[in-house]
Amino acid sequence: KKEEPKKKEEPKKKEEPKKKEEPKKKEEPKKKEEPKKKEEEKDEEDDEPAMSKEDFADQFSAGHKTLMKTQGKVLAEKMGEFLAVFRDDSVPDETKCFLSGQFSTWASVVPASLKQKKIKEYQKELFDIIVELSIAETEDMEIDEDSKDRKKNAYYGKAHQAYNLAKSVGMVGMTDQSQKVSAANAPIAYQSIEKILDAGLEYNDESAFVKENVSTCRAHTINELLRIMPYQGSVKVPNAMNVISRICIGDEYSDRMKQQCKSSMSSIMQVNKQCMKDAGGAIMDLIAAGDNDNLITSFNTQPEMYTNNPEALHKHLDYIINDMNFLHVCSVLHLVAQKHPRALIPYTDTLIDKLEENTQMGSMVLMCIKEVASVAPSDVFPHLDKIIKCAADIPYSNASLAGIIGNCGKAKIPKNAADLILDRIVKGLEACEEAQFKPSWLIEISNIMSHLSDRKLLLAHMPTILKYKASSEIIVTSINDFAEGRSLAKVDKKLDALDAKVNALNTKVQESCKSYDDVIAYVDKNIRDVKDFVGDIVKKLPLPKRLEVVGRVRKTLILHFECVHTKKEFPIVSHEWSKWLKMGFSMAKAGKAVFDLGTGNPLGLVSTGVECVKGIYDAYKSNDDDEFNTYITNPFLTSTEQDGLIEKLRDQGFFDKFDYDAQAPGWYLKNPDEDGTEPGGEKGSVTKVNSKKGVGIKETVIATATGIGNEINPDVVGLVNDANDMREIAEETAPSGCCTIS
């Protein structure tokens with residue numbers, strides 16, 4: 001009974017208003033949302049271009065059909081407008097991506113001359129757009145490959161457009177056989193890479209099968225730009241190797257990018273040294289990063305990489321010497337030793353250890369040690385015994401070993417190092433079996449002789465040294481001159497004092513004299529100074545007893561040297577008349593020599609004393625010579641001028657014929673009967689001089705003239721030979737003692 005009222009309440013549950021409220025549950029506003037959806041659809045429709053991608057491209061004749069039909073000429077004409085599209089935000093990315101793809105087609109089908117011209121014209125704008133598009137999007141988009149919406153199942157964004165444009169530019173360069181386009185684009189291409197890298201974005205192209213996205217297209221773009229090579233050697237791409245090194249070292253860059261960098265670097269090394277000459281720092285950074293030790297050889301093929309930036313290599317020397325394969329780095333260390341040996345001084349001990357460990361590369365190590373010894377002999381000196389022992393097992397080590405020992409002779413520690421070294425060098429000379437290396441030992445004796453505490457040490461070894469005169473006559477003669485005290489080089493205090501004395505004498509004459517008469521008067525007044533001067537040099541520079549005048553045309557003097565033992569003479573013809581005339585003046589005033597006016601007195605001189613000096617000078621001088629008063633107010637020869645006369649005498653065989661007797665004192669003929677002539681007369685004539693080996697000039701002049709004639713005009717040779725025949729006839733018919741050499 002109590003439940004009945006509840007049953008009666010059923011009508012309340014079935015209240016009609018509530019049933020009628022069903023439309024309210026659906027709420028009319030919600031039903032009226034359909035117009036909003038239509039409005040959104042209209043907005044989406046508004047986003048779509050007013051025309052298709054193909055139609056949009058046809059504005060530039062860049063569509064599939066129009067591009068082929070016009071052969072790309074219209075697009076070339078509208079290039080500026082075409083590129084502006086990629087900066088126009090109102091154009092959908094999908095359309096831009098289609099256009100960039102068609103640009104690749106344009107680059108492959110258009111005549112080379114046209115596309116190359118346009119790429120060059122719009123170069124800067126094109127690369128700027130590539131950079132802008134590459135860094136515009138910072139994150140990858142989500143791609144649903146199963147979606148039927150093409151905006152969701154593929155990427156058509158800005159990075160993809162940049163990739164297509166970069167690929168197009170590279171394609172134009174690859175089709176250019178002259179390689180000028182690629183060479184012109186390379187500098188700005190590598191600048192563009194650097195700008196993209198500076199943005200610090202992601203790169204993902206680990207696999208060729210990765211679905212294209214922002215990061216993959218960005219990596220593809222960089223790879224395309226890396227392929228733009230500066231093929232011409234004159235093109236400068238200052239940042240090329242820095243960019244390559246940055247990518248190869250950076251952990252944020254993919255292996256495929258690094259692989260492309262190494263490929264590009266290999267090409268650059270082969271075809272463009274201009275790019276490599278400043279790349280030493282970048283290469284060393286790559287080497288120090290590991291797995292690139294093979295690049296060290298590039299310093300050998302292109303030494304400019306080191307010389308332009310030596311510090312870039314120096315800061316990695318510890319790694320190079322201790323961690324890299326020593327066989328690969330020896331030649332680079334030798335380059336360092338040649339250019340900057342001081343950089344290797346801290347590694348002297350290490351180099352000695354390497355010498356013991358690597359006999360295979362021992363010769364190269366010895367060359368390095370030699371250069372170090374040239375700047376730090378005291379550091380190398382303590383290792384000499386070990387070096388000499390190792391060198392015994394190294395083929396062709398004589399040249400380097402001699403240099404090392406010789407350089408150590410200049411060490412300050414120990415004291416008198418040259419005295420200790422001399423014996424080792426002489427022993428090395430005797431032990432050397434290769435004839436071509438004996439001069440190396442002789443040179444080192446010459447190099448250290450001025451450092452000896454007493455030249456008597458050298459005299460003790462001269463018998464041994466003279467045995468090797470055939471190896472180098474000039475060097476042995478120089479050593480012997482020094483040992484005998486004949487060298488006028490400024491190697492000791494005595495010679496410095498002599499030069500100072502000569503300069504002082506000349507200065508006094510210049511200050512006191514204005515004419516030749518003044519000079520004669522001054523010399524007469526200071527005759528002791530003149531005699532001292534002659535006495536100082538006579539032991540070094542042999543002085544003739546008689547200076548014979550030849551003639552106005554010949555402009556030569558015959559120097560008659562007297563044997564101090566037999567008084568026989570040995571004549572030598574000299575063209576150094578100007579210097580010998582000065583010496584003759586001093587010797588004549590000191591009573592040590594006389595002037596011979598020559599057969600027939602060809603110059604018409606009136607005196608055999610110093611008065612004839614002016615007449616000889618005036619007859620011999622050319623337009624280039626000083627006036628006589630200027631010449632004679634510097635009457636005393638400096639040591640350098642005297643050295644020149646010594647060399648001339650040596651060339652003409654004087655020191656083969658003469659030796660010096662310190663007891664006499666004076667110069668004496670070794671074989672007076674064979675080489676000597678009686679003073680004056682026919683035996684001292686020019687004809688006699690001609691017959692002496694090494695002292696005449698006839699054969700030399702003829703041979704020289706003939707050689708020049710063959711080079712310039714063969715017809716001249718006949719004239720030379722005719723002239724020689726006439727000279728010989730003149731000699732045969734001329735009176736005895738006459739000068740006939742022309």
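Residues numbered from 1 in each chain as written. Predicted model: local features only at pLDDT ≥ 70, side-chain atom pairs only at ≥ 80, totals over all residues. Heavy atoms only, no water.

1. Observations regarding the pattern of salt bridges
- Taken as a whole and assessed by the stated rule, the structure comprises 17 salt bridges.
- In this structure, the salt-bridge partner of Lys657 is Asp675, at a minimum N-O distance of 3.3 Å. With Lys657 in helix 43 (residues 654-657) and Asp675 in helix 44 (residues 672-675), this residue pair connects regions lying 18 residues apart in the sequence.
- Through salt bridges with shared partners, a single ionic network connects Asp481, Glu647 and Arg650. (Salt bridge = Lys/Arg side-chain N within 4 Å of Asp/Glu carboxyl O. Helix = DSSP H or I, 4+ residues; strand = E, 2+ residues; numbered from the N terminus.)

2. Considerations on unusual backbone geometry
- The omega torsion across Ile413 and Pro414 is 5 degrees, close enough to zero to call that bond cis.
- Unusually for a residue other than glycine, Ser61 sits at a positive phi of about 55 degrees.
- Its location among the elements puts Ser61 in the loop between helix 7 (53-58) and helix 8 (64-70).
- By relative accessible area, Ser61 is classed as buried at 11%. (Buried < 20%, exposed > 50% of the residue type's maximum accessible area, 1.4 Å probe, protein only.)

3. Quick look at the sheet that holds strand 3 (residues 569-574)
- A sheet is described by the order of its strands in space; here four strands give the open sequence 3-2-1-4, paired in mixed fashion. The open sheet has two edge strands with one neighbour each: strand 3 and strand 4 (594-596). Adjacent strand axes in the sheet meet at a mean angle of 25 degrees, parallel and antiparallel pairs treated alike.
- Note: strand 2 (residues 557-562) against strand 3, six bridges, orientation antiparallel. Residue pairing for strand 3: His560 is matched across the bridge by Pro571.
- In the packing of helix 40 (residues 612-620) onto the sheet, the strands contacted are strand 1 (546-549), strand 2 and strand 4, and the crossing angle to strand 4 comes to about 45 degrees. (Pairing = 2+ DSSP bridges. Axes fitted to C-alpha atoms, helices over the stretch in contact; angles between N-to-C directions. Contact = heavy atoms within 4.5 Å.)

4. Details of a negative patch on the surface
- Residues Asp349, Asp353, Glu357 and Asp379 make up a contiguous surface patch of negative charge.
- If one sorts the elements of the negative patch by residue count, helix 27 (residues 348-357) sits on top with three residues.
- With respect to the element layout, Asp349 can be found in helix 27. (Patch = residues over 30% accessible without salt bridge, like charges linked within 9 Å, V, L, I, M, F, W, Y side chains within 5 Å. Areas by Shrake-Rupley, 256 points an atom, 1.4 Å probe, with all protein chains shown as cover. Lys, Arg positive; Asp, Glu negative; His and termini not counted. Charge placed at Lys NZ, Arg CZ, Asp CG, Glu CD.)

5. Considerations on a positive patch on the surface
- A contiguous patch of positive charge, built from Arg528, Lys531, Lys545, Lys567 and Lys592, is present on the exposed surface.
- With respect to the element layout, Lys531 can be found in helix 38 (residues 527-537).
- Classification of Lys531 by relative accessible area gives partly exposed; the value is 47%.

6. With respect to the side chain of Gln161
- Its location among the elements puts Gln161 in helix 15 (residues 158-174).
- Of note is the side chain of Gln161, whose polar atom sits 3.2 Å from the side chain of Asp93.
- At 3.4 Å, the side chain of Gln161 forms a polar contact with the backbone oxygen of Tyr156.
- Not counting residues up to four positions away in its chain, the partners in contact with Gln161 are Phe86, Asp93, Lys96, Cys97, Ser100, Leu133 and Tyr156. (Polar contact = N/O pair within 3.5 Å; in protein donor to acceptor, adjacent residues only side chain to side chain.)

7. Points about the environment of Asp661
- Relative to the elements of secondary structure, Asp661 occurs in strand 5 (residues 658-661).
- Residues Asp661 and Val564, spaced 97 residues apart in sequence, show a C-alpha to C-alpha distance of 8.4 Å.
- Not counting the four nearest positions on each side in its chain, Asp661 is found in contact with His565, Gly666 and Tyr668.

8. Considering helix 34 (residues 456-466)
- Of all the residues in helix 34, the buried ones are Leu458, His461, Met462, Thr464 and Ile465.
- Contacts from the buried residues of helix 34 go to helix 32 (417-431), helix 33 (438-448) and helix 35 (473-484).

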